[in-house]
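Structural overview for review
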Amino acid sequence: MRAEAKGERRGRGKAQNGREAAEFETDDMDERIIAALRQNGRIANRDLARDMGVNEATVRTRLRRLEEANMLRVVAMRDLSAMGFEYLAPVGVQVKGRSAAAVGEDLARIERVITVNVAIGTHDLEIQVVATSLSEMQELLTEVIAKVDGVARLFPSLALKVLKYNPEWAPL
């Protein structure tokens, strides 16, 4: 496809209008709207329409369609670095005596654990932990996470440099 060759991201969605679901594919205008919202999620439809050279109703209609198809969600995001979280640790977790999902639910309640995924492979769970200092990271790993019922073994790493972090995609 031409769009893929250029490296553009195109999406497919199902617009929910009443009972019927009509499939659609995003076009250049949809992608421009999404790109503008990535830069400023608080931009008014009126300003967005003016910047794009289209009618405000066009922007409003397209936004509604993208939102109804669950292809777009405008949310506030935390900037971990600005909040003082200088350390990020991906951690593999082996579980014993409980289901991975049950242990994962307990880990998800820990504020500094920012992602929890049930996995297949060498680890039953994959989590990401943030901390403001190495001593806080050590305490989280050894005194908090390791003591959750069902956690058998941790396989932590420390991210030295984040080369890619793409917050544009919502979790599955």
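Source: prediction; values computed, not measured. (Residues numbered from 1 in each chain as written. Predicted model: local features only at pLDDT ≥ 70, side-chain atom pairs only at ≥ 80, totals over all residues. Heavy atoms only, no water.)

1. Section: the overall build of the protein chain
Counting secondary structure elements, the protein chain contains six helices and six strands. Secondary structure of the protein chain in N-to-C order comes out as α-β-β-α-α-α-β-α-β-β-α-β. Looking at the protein chain residue by residue over its 172 residues, the buried ones come to 28%. Partitioning the contacts of the protein chain with sequence separation of at least 6, the portion at a separation of at least 24 is 59%. Carbon and sulfur atoms provide 48% of the accessible area of the protein chain, an area that totals close to 12,000 Å². (Helix = DSSP H or I, 4+ residues; strand = E, 2+ residues; numbered from the N terminus. Buried < 20%, exposed > 50% of the residue type's maximum accessible area, 1.4 Å probe, protein only. Contact = heavy atoms within 4.5 Å. Areas by Shrake-Rupley, 256 points an atom, 1.4 Å probe, with all protein chains shown as cover.)

2. Details of the sheet that holds strand 6 (residues 151-156)
Strand order in the open sheet made by the four strands is 4-5-3-6, with antiparallel pairing throughout. Two strands bound the open sheet, and with one partner strand each, they are strand 4 (113-118) and strand 6. Shown here is a sheet whose adjacent strand axes are inclined to one another by a mean of 25°, direction ignored. As paired strands, strand 3 (residues 87-95) and strand 6 are joined by five bridges and run antiparallel to one another. The residue bridging Gln94 from the neighbouring strand is Arg153, located in strand 6. Each of strand 3, strand 5 (125-131) and strand 6 touches helix 6 (residues 134-144); the most contacted strand, strand 5, lies at about 145° to it. (Pairing = 2+ DSSP bridges. Axes fitted to C-alpha atoms, helices over the stretch in contact; angles between N-to-C directions.)

3. Some thoughts on helix 2 (residues 28-39)
Here helix 2 spans 17 Å end to end across twelve residues, near enough to the 16 Å set by a 1.5 Å rise per residue. Every buried residue of helix 2 is accounted for by Met29, Asp30, Glu31, Ile33, Ile34 and Leu37. Of the residues that open helix 2, the one with a side-chain oxygen 3.1 Å from the backbone nitrogen of Met29 is Asp27. (Expected span 1.5 Å × (residues − 1). Polar contact = N/O pair within 3.5 Å; in protein donor to acceptor, adjacent residues only side chain to side chain.)

4. Thoughts on the pairing of strand 4
Relative to strand 5, strand 4 runs antiparallel, the two being bridged by five bridges. Each residue of the ladder has a partner; that of Val118, found in strand 5, is Leu125. Counted along the chain from strand 4 to the antiparallel partner strand 5, the turn is six residues long, and its residue Gly121 has a positive phi close to 135°.

5. Remarks on the environment of Met29
When you line up the elements, Met29 lands in helix 2. Each C-alpha atom of the pair Met29 and Met52 lies 8.4 Å from the other, and the pair is 23 residues apart in sequence. Setting aside residues up to four positions removed in sequence, Met29 forms contacts with Met52, Val54, Thr58 and Arg62.

6. So, the pattern of salt bridges
This structure, assessed with the given rule, holds twelve salt bridges. Between Asp51 and Arg50 there is a salt bridge; the shortest N-O distance is 3.4 Å. For Arg50, a relative accessible area of 57% translates into the label exposed. Overlapping salt bridges bring together Asp27, Asp30, Arg62 and Arg65 as one network. (Salt bridge = Lys/Arg side-chain N within 4 Å of Asp/Glu carboxyl O.)

7. Description of the nonpolar core
Within the largest apolar cluster, 20 residues are counted, with the highest numbers of intra-cluster contacts made by Val91, Val93, Leu107, Ile127, Val129 and Ile145. Only strand 3, helix 5 (100-108), strand 5, helix 6 and strand 6 provide two or more residues apiece to this core. Once residues lying within four places of it in the same chain are set aside, the contact partners of Ile127 are Ala89, Pro90, Val91, Val93, Leu107, Val113, Thr115, Val116 and Ile145. If you look at the next biggest cluster of nonpolar residues, it comprises 14 residues, including Ile33, Ile43, Leu63 and Leu72. (Core = buried A, V, L, I, M, F, W, Y, C linked by side-chain atoms within 4.5 Å.)

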